[in-house]
Amino acid sequence: MAQSAEQTIRVGIAGTGSYLPERILTNDDLSKMVDTSDEWILSRTGMSERHIARDDEATSDMAAVAAQRALESAGVAAEDVDLVIVATCTPDMIFPNTACAVQEKIGATNAYCFDLSAACSGFLYGLETARGLIVSGIYSNVLVIGAEKMSCITDWEDRGTCVLFGDGAGAVLVQPLQGEGRGIISSAMGSDGTLGDLLKLPGGGSRFPASNATVNERLHYTKMGGNKVFKNAVVCMAEAGQKVLSQAGLEVSDVDWLIPHQANMRIIKAIADRAAFPMEKVCTNLERVGNISGASVPVALDEAVRDGRIKRGDTILSVVFGAGFTWGAMVLEW
């Protein structure tokens, strides 16, 4: 699905918010759990630490805090929210949806709510969905939240994956733009289901319902084919980024900030190299938070807005890639 630069109603982000759990798990901590080391993890991923939620802290708890902060940033009351979209692959439970739990926690009594599943691409998928619904003219205030408790689906005995993931949530309030600014200029999303086996969580669904066998075979944890995922991620994100810039009539030199999915520093550097984009203009936080899947981009965005890096009028390009395979890119004017 793609969007051109021309649209009847301009749509932008009115407020941002994020939340990271208090507990920090360092590379040295991981070296006491599996056969790894700080040097091994840092050299292969660029990560030094990640935040881990409490046992009693669910995805909706983190999402609600991020959502409240986004509403405060935008100066909008929860009862004025029309729709809550939660992008997550770690919902509180299969049903009811996590978005309804967030609605209850923040008091968004007039909103309708649903979850969106696109793994690490989920936040941009949600943002594009919100844009389309607002352009329809029916909705004015849409909360888009990326929230993940990746620690609950991480195999802490697998050193190839357990070093990668963290927990957290990020949120934005999306509105029709008033006055100046272009908001969301262009977007492009894509999928390739033929490669789904390379990144998956097999157990717990209708294919492999929970049983003693699925638990014993550790099918309720993330499984990943590292090298093939890496190659596809670089190609898909780079091509999607170029596509949205072309749709918007922009060049790489017009971009002030690149916010990529925070999966691996080598992937991020490879994307920047392909586009000849300077790393000093890339917003990264994976060294501190790891890969928080659908929460990666909104957390990085909120941090960059709050610390003053992103300023009014800046052009931002975001690219994402996740299980499915799914991918996407979006360019917007802040």
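Look above for the structure.
Keep in mind it's a predicted model, so treat the numbers as computed, not measured.

S.K.: How do you make sense of the overall build of the protein chain when you look at a structure like this?
M.R.: Scanning the protein chain from N- to C-terminus turns up 11 helices and 14 strands. On C-alpha atoms alone, the protein chain measures out to a radius of gyration of 19 Å, which is about the 20 Å that the 2.2 N^0.38 rule sets for 334 residues. Dimensions of the protein chain along its principal axes, counting C-alpha atoms only, are 55 × 45 × 40 Å. Taking contacts inside the protein chain between residues at least 6 apart in sequence as the whole, the part at least 24 apart equals 77%. Carbon together with sulfur atoms contributes 50% to the accessible area of the protein chain, which is approximately 14,100 Å² in total.

S.K.: For this particular structure, what's the right way to read the packing of aromatic side chains?
M.R.: The geometry of two aromatic rings is summed up by the distance between their centres and the angle between their planes. All told, the structure shown has three aromatic pairs when counted by the stated rule. Note on Y112 and Y139: the rings are 5.8 Å apart at their centroids and 50° apart in plane angle, and the pair reads as tilted. Of this pair, Y112 sits in strand β6 (residues 112–116) while Y139 sits in the loop between α5 (122–135) and β7 (142–149), and the two are 27 residues apart along the sequence. Judged by relative accessible area, which is 37%, Y112 ranks as partly exposed.

S.K.: Help me understand the nonpolar core, please; the structure alone is not making it clear to me.
M.R.: A general feature of soluble globular proteins is that nonpolar side chains tend to end up buried together. Of all hydrophobic cores here, the largest spans 45 residues; its most connected members are L317, F321 and V331. Looking at this core, the elements with two or more residues in it are β9 (183–191), α8 (226–248), α9 (265–275), β13 (315–322) and β14 (326–333). Apart from residues lying up to four places away in sequence, F321 is in contact with C120, S121, V229, N232, A233, C236, M237, H261, T326 and W327. I13, L124, V174 and L332 belong to the second largest nonpolar core, which has 32 residues in total.

Analysis parameters
- Residues numbered from 1 in each chain as written.
- Predicted model: local features only at pLDDT ≥ 70, side-chain atom pairs only at ≥ 80, totals over all residues.
- Heavy atoms only, no water.
- Helix = DSSP H or I, 4+ residues; strand = E, 2+ residues; numbered from the N terminus.
- Rg over C-alpha atoms; globule rule 2.2 N^0.38 Å.
- Contact = heavy atoms within 4.5 Å.
- Areas by Shrake-Rupley, 256 points an atom, 1.4 Å probe, with all protein chains shown as cover.
- Phe/Tyr/Trp six-rings, centres within 6.5 Å; stacked < 30°, edge-to-face > 60°.
- Buried < 20%, exposed > 50% of the residue type's maximum accessible area, 1.4 Å probe, protein only.
- Core = buried A, V, L, I, M, F, W, Y, C linked by side-chain atoms within 4.5 Å.

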